[in-house]
Amino acid sequence: MRLIEQVGAWFEMRLGLGKPIRESATHPVPRNTASWFYVFGSAALTVFILQIVTGILLALIYVPSAGEAWNSLQTLNHTIALGWFIRALHGWGSSFMVAIVLIHMVQVFLFGAYKFPRELTWIVGVFLLLVTLGMAFTGQVLRFDQDAYWGLGIGASITSRIPVIGPWAVKLMLGGPIIAGATLSRFFALHVFVVPGLLIAFVGVHLLMVLKLGINEWPMPGRVVHRATYLEEYHELTHKDGVAFVPYAVWKDIVFSAFILLAIAFCSVYFGPFGPGGQPDPTIIQTAPRPDFFFLWLYALLSFLPPSAETPILLIAPAIGIVVLLALPFVAGEGEKSWRRRPIAVLTILLVAVALGTLTHLGGGAPWSPVMDAWSSLPIPSQYLVGRSALERRGALVFQVKQCHNCHSLGEQGGKRGPALDRVALRLNEDQLIRQVIQGGGNMPAYGKNLSPAETTALVAFLKTLHPVQQAPAHDASRAVALGAGEATPRP
Amino acid sequence: MSAENGMSRRVLLAKIGLFVNGVIGVALGVPIIGYLLSPVIREKKAGYDSWLSLGELTKFPVGETRLATYRNPVVTSWDGQTGDIACWVRNIDGQSFQVFAINCAHLGCPVRWFAQSSLFLCPCHGGAYYQDGSRASGPPERGLFQYQYKIEDGKLCIKAGEMPTPGQPVAKNAGGKPTCA
């Protein structure tokens, strides 16, 4: 023990770090901040350190070359001992990091932590969110598979819509005229040098300010922030009723971080690494690109925006969102901190959470995407074929062969791009069915040129059978009159 | 010499030092900006597109639409498969053709041709196009991107080399050889 003390003293005499570290560790914090609500920031830092370590381990094997990256990922997955596990840790670590950063942000927002004097801490936090998402996107590109390739194409298509400089920005992003070697190299440089450098710098400033300004106290309804008196009140809070950060508060941080690391390790072992999917070969077009989990909401949004509004919303909405986040501490730098007295803040969080959650859920199922092989792989349910006439069955064949099934479902199977057709005969009568098939409309292509009259007749005959047994199909009540058969017969 | 004068001389020397560093910084920095912007500068000078062959006309039967692939004219040895680009060739009547980019005009995903229904469908957000490339339905604001083509020595040639995007459907400058033979 004496030897250790002597070595410690030798370093301390030269470095002089002991005192400031002891002071930072034992600085007083308000007693009720030693809470399970205050553990997300440190957990995000822990996961970030995990990402650095696993990232360096992956870089030992990974080849940032468009021609070789995919092969090196396969080597990691299958040949190198525990390579799959390191990849899985890094992949699951990124998902956890995005999630924890978001939870941390919601917590500090609801606890009013962005108010005076912690405005800059919040602003740096907004930048931390942006660079974390930047890490997520660039990392998804480094897993250089089909999804990464076409994801870059989506990124380029969005970038190209910037007025005036769009095409140039695309070339800068791709490093050339197409997605190729230069593209992967620059995303590697971004993911491994540029963005992590920013992230480390921002984390340093963020932590420094937390130490300098003190952790945000537990908000009490009625305890209002005033610039003139806040610092004094906070000083009183920490010194009259404070506890030393180490060990009174820190143990919860440590336990929660350990829990998160365990959860990441569990997911890594149980679910394994992410991909890689198919080879990044643009001539293999049998692919349905999907973004990673944290960008599914954007993928969903892009399918729902009306075409004319898409470009302005894509380009302007993110800028407005960032400006709103940055302006928040200046607009609401004083006042109530407690969520109990801030209903609009709570509603905003709920609204954003419901919107993002819904879009993410929809993005997972992607009902707007045609099921590209439904016409050849999903049969028509047999109850729609039993007891049908030859013409109607011929129509069912037309339904399959003309790929109607790719966008329309029957018996819950098939595409959801268009409406399900199980009860279509209740909605449309014969003439309306013919018109819809021939002319399209309502987001359906026109099939007039691609169907012979015989095929149309058969298809419509089949569609007319799609209604529940107990309910009569729609029919044109005036038809009988128009055809001169006297009075229309009442429906049975 | 007063202490004050001594200080100011050192301040002056420090300022001169900073100035020299600044000049060196600018002298190095400006070319480095050029280095960073090289993907854009290269386009302005020579252009990325050139005429290249998709193969014999016999590969493309009359009245049908077939997938064709070509090696991008601007590639490096480490591009691997990413240098191979696909496109759709429609032989209208043996004389006139249409060559469509593989990229959907919405967000660039690869469209697939369905001969039975004569439609191009996009797997991402469900954009659909008719056989002549015009928009049928879905989120795209326009029809499929088309390459210029010509027929030389019984071969179908297109002018390509750059990924078409909604912001730049066709490349502005053409470089390379004027022929694809």
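Residues numbered from 1 in each chain as written. Chains lettered and ligands numbered in written order. Predicted model: local features only at pLDDT ≥ 70, side-chain atom pairs only at ≥ 80, totals over all residues.

Enquirer: Is there a simple way to think about the interface of chain B and chain A in this case?
Expert: The partner chain A presents 55 residues to the 49 residues of chain B that form the contact. Among the secondary structure elements, those contributing two or more residues to the side of chain B that touches chain A are α2 (38-45), β3 (84-91), β5 (112-114), β6 (119-121), β7 (128-130) and β8 (135-137) of chain B. Of the residues that constitute the side of chain B that touches chain A, the class distribution is 23 nonpolar, 20 polar and six charged. (Contact = placed C-beta atoms within 7 Å. Helix = DSSP H or I, 4+ residues; strand = E, 2+ residues; numbered from the N terminus. Nonpolar A, V, L, I, M, F, W, Y, C, P; charged D, E, K, R; others polar.)

Enquirer: What should I look at first to understand the domain arrangement of chain B in this one?
Expert: Often, the extent of an interface is quoted as the loss of accessible area upon association of its parts. In terms of domains, chain B is made up of domain 1 (3-36) and domain 2 (47-160). One C-alpha centre belongs to domain 1 of chain B, the other to domain 2 of chain B, and the line joining them spans 55 Å. (Domains from an automatic or database assignment.)

Enquirer: What exactly am I supposed to notice about the nonpolar core here?
Expert: One broad rule of soluble globular proteins: the nonpolar side chains tend to lie buried together. In terms of nonpolar packing, the biggest core is built from 109 residues, with Val-47 of chain A together with Cys-87 of chain B touching the most fellow members. With 12 residues, helix α5 (residues 83-110) of chain A is the largest single contributor of residues to this core. If near-sequence neighbours (up to four positions away) are discounted, Cys-87 of chain B is found in contact with Ala-68, Val-99, Phe-100, Ala-101, Ile-102 and Tyr-147 of chain B. Membership of the second largest hydrophobic core comes to 21 residues, among which are Val-424, Val-437, Val-460 and Leu-466 of chain A. (Core = buried A, V, L, I, M, F, W, Y, C linked by C-beta atoms within 7 Å. Buried ≥ 20, exposed ≤ 12 C-beta atoms within 10 Å, placed from the backbone.)

Enquirer: Any chance you could explain the packing of helix α6 (residues 119-142) of chain A against helix α9 (residues 181-213) of chain A here in plain terms?
Expert: Between two packed helices, what matters for the description is the angle formed by their axes and the separation of those axes. Residue and element names in this part refer to chain A. Orientation of α6 relative to α9, taken along the N-to-C sense of each, is 155°, at an axis distance of 9 Å. Considering the angle they form, α6 stands roughly antiparallel to α9. When you trace α6 past α9, the crossing you get is left-handed. Looking at the contact of α6 with α9 residue by residue, the classes come out as 20 nonpolar, seven polar and no charged. (Axes fitted to C-alpha atoms, helices over the stretch in contact; angles between N-to-C directions. Parallel < 35°, antiparallel > 145°, perpendicular 65-115°, else oblique. Left-handed = near helix turned anticlockwise from the far one by under 90°.)

Enquirer: Could you clarify how one ought to interpret the sheet that holds β3 of chain B in this entry?
Expert: Strand pairing within a sheet occurs via backbone hydrogen bonds; the two strands may be parallel or antiparallel. Residue and element names in this part refer to chain B. The antiparallel open sheet is built from six strands, whose spatial order is β1-β10-β9-β4-β3-β2. One side of each edge strand has no neighbouring strand; the edge strands of this open sheet are β1 (50-56) and β2 (65-71). Across the sheet, the mean angle separating the axes of adjacent strands is 35° when strand polarity is ignored. Two strands pair when backbone bridges link them, and β3 and strand β4 (residues 97-101) are joined in this way by five bridges, in the antiparallel orientation. Each residue of the ladder has a partner; that of Arg-90, found in β4, is Gln-98. (Pairing = 2+ DSSP bridges.)

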